[in-house]
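Each chain, written out:
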Amino acid sequence: MLEFISQPWPWYVAGPVIAFVMFGLIYFGNSFGMSANFRNICSIMGAGKSCEFFDFDWRKQMWNIVFVVGTVLGGFIASQYLMDSNIVAISDSTITELSALGVENPGVGMMPESIFNFESLLSTKGLIMIVLGGFLVGFGTRYAGGCTSGHAISGLSDLQPASLLAVIGFFAGGLLMTWLILPSILSL
Amino acid sequence: MKYFKYLILGTVFGIVLTKAELISWFRIFEMFKFQAFHMYGVIGSAVVLGVIITQYIKRTKMKSMSGDPIEIAPKKFSYARYLIGGTIFGLGWALTGACPGPLFVQVGNGYLVMLVAIGSGLLGTYVYGLLRNKLPH
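Every value quoted in this text rests on a predicted model; they were computed, and no experiment measured them. (Residues numbered from 1 in each chain as written. Chains lettered and ligands numbered in written order. Predicted model: local features only at pLDDT ≥ 70, side-chain atom pairs only at ≥ 80, totals over all residues. Heavy atoms only, no water.)

(A) Region of the structure containing the packing of aromatic side chains. Tallied over the entire structure, the rule returns 28 aromatic pairs over all chains. Look at Phe170 of chain A and Phe89 of chain B: their rings are 4.7 Å apart centre to centre, the planes differ by 90°, and that puts the pair in the edge-to-face class. Residue Phe170 of chain A is located in helix H8 (residues 161-186), and its partner Phe89 of chain B is located in helix H4 (residues 80-96); the two belong to separate chains. Each of the two residues, Phe170 of chain A as well as Phe89 of chain B, counts as buried. Relative to Tyr40 of chain B, the ring of Phe171 of chain A lies with its centre 6.2 Å away and its plane at 35°, an arrangement referred to as tilted. Of this pair, Phe171 of chain A sits in helix H8 while Tyr40 of chain B is found in helix H3 (residues 38-59), placing the two residues in two different chains. One aromatic cluster is present, built from ring pairs that chain together Phe53, Phe54, Phe135, Phe139 and Tyr143 of chain A together with Tyr126 and Tyr128 of chain B. The cationic tip of Arg59 of chain A hangs over the ring face of Trp58 of chain A; the distance from NZ or CZ to the ring centre is 4.5 Å. Lys5 of chain B extends its terminal NZ or CZ atom over the ring of Phe28 of chain A, reaching a point 5.2 Å from the ring centre. (Phe/Tyr/Trp six-rings, centres within 6.5 Å; stacked < 30°, edge-to-face > 60°. Helix = DSSP H or I, 4+ residues; strand = E, 2+ residues; numbered from the N terminus. Buried < 20%, exposed > 50% of the residue type's maximum accessible area, 1.4 Å probe, protein only. Lys NZ or Arg CZ within 6 Å of the ring centre and 35° of its normal.)

Structural data, given as structure tokens:
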């Protein structure tokens, strides 16, 4: 059991657990949608004073904020106590390709640590990947009315055509970035 | 205390996102390069089980824990907002290697620089709020 917990979990464990989390939130009378928390936090920070989109009673969304706090806690617990190694078992072809693109230590740690650190915020590459990337995530998810949890998991589970369209958009953007734009950014 | 169950559920979600490497930038790159089945298996199995759960809730008119009828709001259909907004998110997803949930879990994993990504995500959401009435939906 302990050995199972400390190994990376396979997809057929992770997928059902995520479906269970979605069910839990629905059963508690709410819904599964992480990006809504960006809007909630904007509202908590007082954005409602300057923009009516954020002028709502965020206290009613407190359950979702607490859920987010839980995800940070879960990330901490898993990384501190439940991980055997810091190697992410990506495929050999991914490692080869990332090395060719100049990414250091592909598969070591959760992300390329030579890019995702505070010092690299002073570089063009770091600014694009961290700051611009975050901005696009915040802007795009709210524009699309949801992210992977709200559209790809909850929306597709409810067979919503709008969510299918959104997921097609997610992949269009992701493929465009990964195949055509990212190689130039990584070489900066 | 009424929020405690959300804390537990969030913690479970944070653990599974970490343990299955779903918060990994490398996994997102690999997914968009179609070099492994892992991410597709996760999303696919979550959706297959999710469809069964959602249909079961609707057909049995299941009540929530507090005894109220469960309402799953349908999403209003249009083209522009889902395709344009979705594509913009996708570009950011491939850059940061994270959708909104994983951004927070990465912070929990000790990648504190992702607080900056969350900060600019908040700014992105705020700018959307300002431009919302001028954008096609």
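(B) Molecular detail of the packing of helix H6 (residues 124-144) of chain A against H4 of chain B. Running from amino to carboxyl end, H6 of chain A crosses H4 of chain B at an angle of 155°, the nearest separation of the two axes being 7 Å. When the axes of H6 of chain A and H4 of chain B are compared, the pair comes out roughly antiparallel. When the axes of H6 of chain A and H4 of chain B are compared, the crossing they make is left-handed. (Axes fitted to C-alpha atoms, helices over the stretch in contact; angles between N-to-C directions. Parallel < 35°, antiparallel > 145°, perpendicular 65-115°, else oblique. Left-handed = near helix turned anticlockwise from the far one by under 90°.)

(C) Highlighting the domain arrangement of chain A. Residues and elements named next belong to chain A. Under the domain assignment used here, chain A contains domain 1 (1-83) and domain 2 (115-188). Contacts between domain 1 and domain 2 engage 10 residues on the former and 11 residues on the latter. When domain 1 packs against domain 2, close to 720 Å² is buried across both sides, 70% of that on carbon and sulfur atoms. Looking only at domain 1, the three residues that lose the most surface to domain 2 are Met22, Phe32 and Ser35, adding up to 57% of its buried area. Here domain 1 is connected to domain 2 by 0 salt bridges. Elements with a minimum of two residues in the side of domain 1 that touches domain 2: helix H2 (11-27) and helix H3 (36-44). With 3 residues, H3 is the single largest residue contributor to the side of domain 1 that touches domain 2. Among the residues forming the side of domain 1 that touches domain 2, the class breakdown is 7 nonpolar, 2 polar and 1 charged. (Domains from an automatic or database assignment. Contact = heavy atoms within 4.5 Å. Buried area = accessible area lost by both parts, 1.4 Å probe. Salt bridge = Lys/Arg side-chain N within 4 Å of Asp/Glu carboxyl O. Nonpolar A, V, L, I, M, F, W, Y, C, P; charged D, E, K, R; others polar.)

(D) H6 of chain A, seen in detail. Residues and elements named next belong to chain A. Helix geometry: H6 is bent most strongly at Leu132, by close to 30°. In terms of burial, H6 is largely enclosed, as 15 of its 21 residues are buried. Looking one or two residues beyond H6, the residue adopting positive phi is Gly145, at roughly 75°. (Bend = angle between axes of the 7 residues up to and from the residue.)

(E) View of empty space enclosed by the protein. Within this structure, the stated rule accounts for 1 cavity of 30 Å³ or more. Approximately 230 Å³ is the volume attributed to the largest cavity. Lining the largest cavity are 20 residues, with Ile18 and Thr148 of chain A together with Leu17, Cys99 and Pro102 of chain B sitting closest to its centre. Elements with a minimum of two residues in the lining of the largest cavity: helix H7 (148-157) of chain A together with helix H1 (4-19), H3 and helix H5 (100-108) of chain B. Two domains each provide a minimum of three residues to the lining of the largest cavity, namely domain 1 (1-83) and domain 2 (115-188) of chain A. (1 Å grid on protein atoms, 1.4 Å probe; cavity = no way out; pocket = protein on both sides within 12 Å on 5 of 7 lines; lining within 4 Å. Points joined across faces, edges and corners; volume = space filled by probe spheres on them.)

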